[in-house]
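One-letter residues, chain by chain:
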Amino acid sequence: MNKDNVRLAIAPIGWTNDDMPELGKENTFQQIVSEMALAGFSGSEVGNKYPRDPAVLKPMLEIRGLQIVNAWFSTFFASGDKAKTIDEFINHRDFLHAMGAKVIGCSEQSRSIQGTDKAVLDDKPFFSDEEWRLTAEGYNQLAALAGEKGMQVCLHHHMGTGIQTTEEIDRFMAMTNDDVYLLYDTGHAYYSEGSQQKMLAILTRYLPRINHVHLKDVRNPVIEQVRLEHLSFLEGVKRGTFTVPGDGDIDFKPVFAALDNANYQGWMVVEAEQDPALANPFEYAVKARRYLRETAGI
Ligand SMILES: O=C1C[C@@H](O)[C@H](O)[C@@H](O)C1=O
Ligand SMILES: [Co+2]
C-alpha cells in the first residue's frame, strides 16, 4: 500500500475492554500507550483509562509519537433520543477536535443487543421504517455538525445492532447524504455475512464513502461455537471471536489491494478485542505490526 496515504493506529480494546471493563483492568493508561508506540503504531483510539482532558492527554501521547484518530460514539436516534444524542455528540466532537482527530465513528445503539446476554446471531434488532427514518435524519444532522469543525462522521456497522448486515448497510447508505461516511470494520462484516466474498463486497461498494477502517481478524471455530451455543457477542469475545490481522481466518490481502486501488487516504486501526489474560496485548500488537509490514508493505 502507498505509505504516504495510509497511517496505522491501534485501539486500546486489546488492553482494556470498554464493553467489559473487568477485562484488562490491571493495565494502566501509561502502559497501554507506551506499548502501542513500542510496537510501531502512530495512532490510537480512546479507551476507558484515557484522561479526557486534551491538555493532559495530548502531551502524554505526543511524547510517544501517538495521536488520537477517533473515539466510539453511541447514537440513539431510532429510539427517539435525538436531543440527548446531539448534545452528547457536540461534547464528543469538541473533545476529538481538540485532540486533532478528523473522523467521528458512531454506532446506532437503539435496541442493540451488543452488550447484553442475548444470542448475537439470533436476536439482533430489525428497524421499522420509522426507526430507519429517524436514524438517517439524525446522521445527516451529525454530519452537518461534524462539518462545522472540518470533521466527518462515519457509521460503524456492528454485530447485534440494527445496522449490521449488507442489506442494512445498503439501506443506511442510501438514506443518508454523501457526507455521512462508513467506518468499515472487517471483523464485523465477516462475522455478520459469514464469508470473505461478502465482506469484500461491502468494502468495494462503498470505497468512496469509507473514511475509517478497523482491522479485526476472526476465528471461524469460535463463531461456530457462538452459532451452535447461541452465545452473546461478549461471551464470544471472551472465547476469542476476534484477533489481530493475520492471526485468524480473514485474508487481508484483497482488503489492502482494494483500499490501495481506490487511493484510500486515512487511518487503518488494528482493533482486536480478546481477553488480555489469554492474549498478551503487547505481543499481539507486535504481531499485527509485523503482519502489516510484511503483507501491506506499510
Ligand atoms: O469499534 C468497536 C468498538 C467496541 O466497543 C466494539 O464492541 C468492537 O467490537 C468494535 O468493533
Ligand atoms: Co470496530
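The residue count restarts for each chain, going from 1 along the sequence in the order it is written. Numbering of ligands from 1 and lettering of chains from A proceed in the order in which they are written. Since the coordinates come from a predicted model, pLDDT governs what is reported: local features require at least 70, and pairs of side-chain atoms require 80 or more to be given and counted, while whole-chain, interface and lining totals use all residues.

Using the following cut-off: UniProt positions are given in the numbering used here, feature names are shortened, and annotations may be inferred rather than shown by experiment.
Looking at an unreviewed UniProt entry, one finds the chain named Inosose dehydratase, with Izhakiella australiensis as its source organism. Per UniProt, the chain carries the Sequence similarities (unreviewed entry) text "Belongs to the IolE/MocC family." Listed under Catalytic activity (unreviewed entry) in UniProt, the entry text for the chain is "scyllo-inosose = 3D-3,5/4-trihydroxycyclohexane-1,2-dione + H2O".

1. A look at the site of ligand 1
Heads up, the condition is: Here is the check we use: build the C-beta atom from the backbone, and if it is within 6 Å of the molecule or strand, call the residue near. Residues are sorted three ways: Asp, Glu, Lys and Arg are charged, Ala, Val, Leu, Ile, Met, Phe, Trp, Tyr, Cys and Pro are nonpolar, and all the rest, Gly among them, are polar.
Within the structure, ligand 1 sits among Ile-13, Asp-18, Asp-19, Trp-72, Gln-114, His-156, Asp-185, His-188, His-214, Glu-271 and Glu-273. Residues belonging to the shell around ligand 1 are distributed by class as follows: 2 nonpolar, 4 polar and 5 charged.

2. What to know about the sheet that holds strand β6 (residues 152-156)
Put simply, the rule is: Pairing between two strands requires that DSSP report at least two bridges joining them. Counting from the N terminus, the helices are the DSSP runs of H or I reaching at least four residues and the strands are the DSSP runs of E reaching at least two. Under this scheme, a helix contributes an axis fitted over its contacting stretch, all axes are lines through C-alpha atoms, and angles between N-to-C directions fall in the 0 to 180 degree range.
Strands sit in the order β3-β2-β1-β11-β8-β7-β6-β5-β4 across an open sheet of 9 strands; the sheet is parallel. Of all the strands in the sheet, the pair left with one neighbour each is β3 (67-70) and β4 (73-75). The mean angle between the axes of side-by-side strands here comes to 35°, regardless of whether they run parallel or antiparallel. In terms of strand pairing, strand β2 (residues 43-45) meets β3 through 3 bridges, oriented parallel. The residue of β3 that forms the bridge with Gly-43 is Gln-67.

3. Let's talk about the packing of helix α3 (residues 82-98) against helix α4 (residues 129-147)
Rules: Should an angle lie under 35 degrees it is considered roughly parallel, over 145 roughly antiparallel, and from 65 to 115 roughly perpendicular; all remaining angles are considered oblique. It is the rotation of the near helix from the far one that decides the hand of a crossing: anticlockwise by less than a right angle makes it left-handed, clockwise makes it right-handed. C-beta atoms are first placed from the backbone for all residues, and any pair lying within 7 Å is then listed as a contact.
The contact between α3 and α4 brings their axes to 11 Å, and the two run at 25°. When the axes of α3 and α4 are compared, the pair comes out roughly parallel. For the element pair α3 and α4, the recorded crossing hand is right-handed. Seen from α3, the contacting residues are Lys-82, Thr-85, Ile-86, Phe-89, Ile-90 and Arg-93; seen from α4, they are Gly-138, Gln-141, Leu-142, Leu-145 and Ala-146. The residue inventory of the contact of α3 with α4, partitioned by class, reads 6 nonpolar, 3 polar and 2 charged.

4. Some thoughts on the nonpolar core
Selection rule: By convention in this section, buried Ala, Val, Leu, Ile, Met, Phe, Trp, Tyr and Cys residues joined through C-beta atoms within 7 Å make up a nonpolar core. Here a residue counts as buried when 20 or more other C-beta atoms fall within 10 Å of its C-beta, as exposed when 12 or fewer do, and as partly exposed in between; the C-beta atoms come from the backbone.
Ranked by size, the top nonpolar core spans 86 residues in total, and within it Val-153, Leu-155 and Val-269 carry the most contacts. With 7 residues, α4 is the largest single contributor of residues to this core. Beyond its immediate sequence surroundings of up to four residues, Val-153 is in contact with Ile-104, Cys-106, Tyr-139, Leu-142, Ala-143, Ala-146, Val-180 and Tyr-181.

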